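Below, each chain spelled out in residue letters.
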Amino acid sequence: MPAESVRLERCRRASIRSPVRRAGFIAGAALAGLIGASVWWRRNPSACPYSQRFWVEAPHPFITRKRLLEILEPAPGERILEIGPGTGYYSLPVAERLSPGGTLEIFDLQQEMLDHTMRQARERALDNLVSRQGDAERLPYPDGSFDAAFLVTVLGEIPDQSKALAELARVLRQGGRLVVGELFGDPHMVRFGALRERAERAGLRFDRRLGGALGYFARFESPAA
């Protein structure tokens, strides 16, 4: 093959490989950035900011509303506490099950999330939600205030999980139940083994689990007298 033809063929091959290499470099950099962000989030637990609420509004595979209702078993007349309602993805279906006569108290670090959920409730003519802003490590409720409590993909965002679980155990009535939901892929996901250990250390008794490694709800109970 003449030298000029060889040169042209090499240039042609290089022009094909270059975009492929560039695309591979971009994909690798994006993956490295995602991994780095996940590691940072795990080491620096914090609530999902309101500006990124699309994460909490997206469908939740494996930890669906139906599954939460199945394991939480909210009943009319009960008083239930939700920590970290986000924009009300789980709040509204639970509140509906508590009528007539029941109340869902929603508690969040961010007032914007609470305001959003309350607007959603008004649009659906639900009047049994009560909102309160604060830190889950210091719940402003008396001992034995609630029949049940739940938090979904929230526990890992709390800096001191053990303290938050102890507070939840404190505000549950005797025989009350706590449901914790976790989803694989969430940078703050709490593994079931770690959750069970911390919950039992807080005085809660493991009851049952719904779901597997990709997403689960775990139910604990406050021991009856």
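It should be noted that the structure appears before, not after, this text.
All values derive from a computational prediction rather than experimental measurement. Counting starts from 1 at the beginning of each chain's written sequence and moves along it residue by residue. Totals for whole chains, interfaces and linings use every residue, but because this is a predicted model, local features are given only for residues with pLDDT of at least 70 and side-chain atom pairs only at 80 or more, for both listing and counting. Note: side-chain values were computed over all heavy atoms of the structure, leaving out hydrogens and water.

> Kindly report on the pattern of salt bridges, identifying the contributing residues and their values.
Salt bridge, as used here, is a side-chain nitrogen of Lys or Arg placed within 4 Å of a carboxyl oxygen of Asp or Glu. Applying the stated criterion to the full structure yields 15 salt bridges. For R170, the salt bridge goes to D143, with nearest N and O atoms at 2.7 Å. Placement of R170 in helix α6 (residues 161-171) and of D143 in the loop between β3 (129-133) and β4 (146-152) is noted, with a sequence separation of 27 residues between them. Of the charged contacts, one joins E221 and R205 as a salt bridge, the two residues approaching to 2.7 Å between their closest N and O atoms. Within this pair, whereas E221 is found in strand β7 (residues 215-221), its partner R205 is found in strand β6 (residues 205-212), the two being separated by 16 residues in sequence. Here E221 falls in the buried class, since its relative accessible area comes to 16%. Judged by its relative accessible area of 42%, R205 falls in the partly exposed class. Bridged by salt links that share partners, the residues E73, R205, D207, R208, R219 and E221 form one connected network. Strands are runs of DSSP state E lasting at least two residues, helices are runs of H or I lasting at least four, and both sets are numbered from the N terminus onward. For each residue, the accessible area found with a 1.4 Å probe, counting protein chains only, is set against the maximum for its type, and the residue is called buried under 20%, exposed over 50%, and partly exposed in between.

> Which residues make up the nonpolar core, and what values do they have?
Counting residues in hydrophobic clusters, the biggest one holds 31 residues, and the most contacted among them are L81, I83, L151, L155, L168, L178 and L195. Secondary-structure elements contributing two or more residues to this core are β1 (79-83), β4, α6, β5 (172-183), α7 (192-201) and β7. Looking at this core, the element that brings in the most residues is α6, giving five residues. The residues contacting L195, other than those within four sequence positions of it, are L155, L165, V180, V190, Y216, A218 and F220. Within this scheme, the nonpolar core is defined by two criteria: the residues are buried Ala, Val, Leu, Ile, Met, Phe, Trp, Tyr or Cys, and they are joined through side-chain atoms within 4.5 Å. In terms of nonpolar packing, the next biggest core, distinct from the first, is built from 26 residues, I63, L72, I106 and L126 among them. A contact between two residues is defined here by any heavy atoms of the two lying within 4.5 Å.

> Help me get a handle on helix α3 (residues 65-72), residues and values and all.
Owing to its 3.6 residues per turn, the α-helix aligns residues three or four sequence positions apart on the same side. Among the residues of α3, L68, L69, I71 and L72 are the ones counted as buried. Residues of α3 that are buried in the fold lie against β1, α4 (91-98), β4, β5, β6 and β7. E73 sits one or two positions beyond α3 and adopts a positive phi of about 55 degrees.

> Describe helix α5 (residues 111-123), with residues and values.
Multiplying one less than the number of residues by 1.5 Å gives the expected span of a helix. Relative to the 18 Å expected for 13 residues at 1.5 Å per residue, α5 spans 18 Å between its end C-alpha atoms, a close match to the ideal helical length. Among the residues making up α5, those that are buried are M113, L114, H116, T117, M118 and A121. Where α5 terminates, the next one or two residues include A125, which has phi positive at roughly 60 degrees.

> Residue-level account of the environment of D207, with values.
Mapped onto the elements, D207 comes out in strand β6. Take D207: its relative accessible area is 26%, and that puts it in the partly exposed class. Spatially, the C-alpha atoms of D207 and L178 are 9.6 Å apart, while their sequence positions differ by 29 residues.

> An account of the packing of aromatic side chains is needed here, citing residue identities and associated values.
Aromatic rings from Phe, Tyr and Trp, taking only the six-membered ring of Trp, are treated as a pair when their centres fall within 6.5 Å; an angle between ring planes under 30 degrees marks them as stacked, one over 60 as edge-to-face, and anything in between as tilted. Inspection of the entire model under this criterion finds seven aromatic pairs. On the numbers, 5.4 Å between centres and 65 degrees between planes, the contact of F192 with F206 is edge-to-face. Here the residue F192 occupies a position in helix α7, and F206 occupies one in strand β6, the gap between them amounting to 14 residues. With 5.8 Å between their ring centres and 85 degrees between their planes, F192 and Y216 make a pair best called edge-to-face. You can see F192 sitting in helix α7 and its partner Y216 sitting in strand β7, a full 24 residues away along the chain.

> For the sheet that holds β3, give the residues involved together with the corresponding values.
At least two bridges found by DSSP between two strands are what make those strands a pair. Taken together, seven strands build an open sheet; the order of strands is β3-β2-β1-β4-β5-β7-β6 and the sheet is mixed. Across the chains shown, the open sheet's two edge strands, defined by having one partner strand only, are β3 and β6. Looking at each pair of strands side by side, their axes are set apart by 15 degrees on average, direction ignored. Inspection of the sheet shows β6 paired to β7 by seven bridges, in the antiparallel sense. All axes here are fitted lines through C-alpha atoms, helices being fitted over the stretch that makes contact, and every angle between N-to-C directions spans 0 to 180 degrees.

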